[in-house]
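# Breakdown of the fold
Each chain, letter by letter, is given below.
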Amino acid sequence: MAAPMSTAPRALLLLLALAACREAPPPTATPEPKFDARAALAGFDGPVPDDDPVALEGTRLTNGPLRECAEREAVDMQQEGDLIATKLAPGQLFEQEFRLQPGRCYTLVAVAGDGIAELDATFETFGPARSKTEILASDAATGTTAVIGGGAACFPWKPEQSPIAAKFVLRAGQGSGVAVSQLYSRESPPPPSRR
């Protein structure tokens, strides 16, 4: 006659049997967040309230003056980086890093909304610690639109040049308000042949 099983191994077998029979809880599905153009424009991950003044003004400027200016100044170019909306106070600046690639040509289009009377823009290098940066190009226009390398005269980074980190800088020369900007690029056209 076999010896009776002790209580501990029987309880363990019962627990294992129960665990194997239990259904696993259904996976919790996280709903995909809906894309909100105003959220992307304002730099937020979640939905933006309808009363966010930077996002609302940024959307208005993007769908109007920025788009119209880009259609003239950045023909046949691709967007480089994100569309950016920022609020600037008088004399305040905004910087956005990008990479100058050999054999590419760049155009920056920026427009300011109500409140900014003068918007300035530059392409600059990063200087070593505590040193001045070098200004590579700047917009020549006055007013609420700043364009660098517009039309057929995009800012070229020659094929023989090394790739470098650069930045575009927006400055509110006069007034305060919202400004939107978009960087564009394309392959540089080959130099004209000499005959």
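A few points on the structure. Since the model is a prediction, treat every value here as computed from it, not as a measurement. (Residues numbered from 1 in each chain as written. Predicted model: local features only at pLDDT ≥ 70, side-chain atom pairs only at ≥ 80, totals over all residues. Heavy atoms only, no water.)

### Let's talk about the overall build of the protein chain
Going by this rule: To qualify as a helix, a DSSP run of H or I must reach at least 4 residues; to qualify as a strand, a run of E must reach at least 2; elements of each kind are numbered from the N terminus. Residue exposure (1.4 Å probe, protein chains only): buried if accessible area is under 20% of the type maximum, exposed if over 50%, otherwise partly exposed. Here a residue-residue contact requires only that any non-hydrogen atoms of the pair lie within 4.5 Å. To measure how exposed things are, a 1.4 Å probe is used in the Shrake-Rupley method; for residues, cover is taken only from the protein chains shown.
Of the regular secondary structure elements, the protein chain holds 3 helices and 9 strands. The linear arrangement of helices and strands in the protein chain, starting from the amino end, is α-α-α-β-β-β-β-β-β-β-β-β. Across the 195 residues that make up the protein chain, the buried fraction comes to 36%. Long-range pairs, those at least 24 residues apart, make up 79% of the contacts in the protein chain with a sequence separation of at least 6. For the protein chain, the accessible surface area stands at approximately 12700 Å², while carbon and sulfur atoms represent 56% of it.

### Brief notes about helix α3 (residues 53-73)
Filter applied, for reference: A residue's bend is simply the angle between two axes: one fitted to the seven residues ending at it, one to the seven starting at it.
Largest kink in α3: about 45°, centred on T62, with the proline P65 one to four residues after it. Within the sequence span of α3, burial applies to A55, E57, G58, L61, T62, G64, L66, C69 and A70.

### Overview of the state of the cysteines
Where we set the bar: Count a disulfide wherever a pair of cysteine sulfur atoms falls within 2.5 Å.
Tallied over the entire structure, the rule returns 1 disulfide. Shown here is the disulfide that connects C105 with C154, its sulfur atoms set 1.4 Å apart. In this structure, the disulfide formed by C105 and C154 twists by about 100° around the S-S bond and is classed as right-handed. In this pair, C105 sits in strand β3 (residues 104-112) while C154 sits in the loop between β6 (145-148) and β7 (155-157), placing the two residues 49 residues apart along the sequence. For the pair C105 and C154, a shared accessibility class is recorded, and that class is buried.

### What to know about the nonpolar core
Definition in use: By nonpolar core we mean a set of buried residues, namely Ala, Val, Leu, Ile, Met, Phe, Trp, Tyr and Cys, connected to one another through side-chain atoms within 4.5 Å.
Residues L88, F98, L108, L119, F123, F168 and L170 are the most contacted members of the largest nonpolar core, which totals 24 residues. Elements represented by at least two residues in this core include exactly β1 (78-88), β2 (93-100), β3, β4 (116-125), β6, β7, β8 (164-175) and β9 (177-187). Leaving out residues up to four positions away in the same chain, L119 has contacts with L88, A110, V111, A112, D139, G143, T144, T145, A146, L170, R171 and A179. Residues L61, A74, C105 and Y184 belong to the second largest nonpolar core, which totals 15 residues.

### Quick look at the side chain of D139
Cut-off, in case you're wondering: Charge counting follows a simple rule: Lys and Arg are positive, Asp and Glu are negative, and His as well as the terminal groups are ignored. Counted as salt bridges are all cases of a side-chain nitrogen of Lys or Arg within 4 Å of a carboxyl oxygen of Asp or Glu. In protein, a polar contact requires one atom able to donate a hydrogen and another able to accept it; more generally it is a pair of N or O atoms within 3.5 Å, and residues adjacent in sequence count only if both atoms are side-chain atoms.
Take D139: it is sitting in the loop between β5 (135-138) and β6. It turns out D139 is buried and unbridged, and the closest side chain with the opposite charge, R171, is 7.7 Å from it. A distance of 2.7 Å separates a polar side-chain atom of D139 from the backbone nitrogen of A121. Once residues within four sequence positions are removed from consideration, D139 is found in contact with L119, D120, A121, T145, A146, V147 and I148.

### Things to note about the packing of aromatic side chains
Rule in force here: Ring pairs shown here join Phe, Tyr and Trp side chains whose ring centres sit within 6.5 Å, with only the six-membered ring taken for Trp; geometry is labelled stacked below 30 degrees between planes, edge-to-face above 60, and tilted in between.
Throughout the structure, instances matching the rule amount to 5 aromatic pairs. With centroids separated by 6.4 Å and ring planes inclined at 35°, the aromatic side chains of F155 and W157 adopt a geometry described as tilted. The residues F155 and W157 share a single accessibility class, namely buried. An aromatic cluster is present here, built from F98, Y106, F123, F155, W157 and F168 joined pairwise through their rings.

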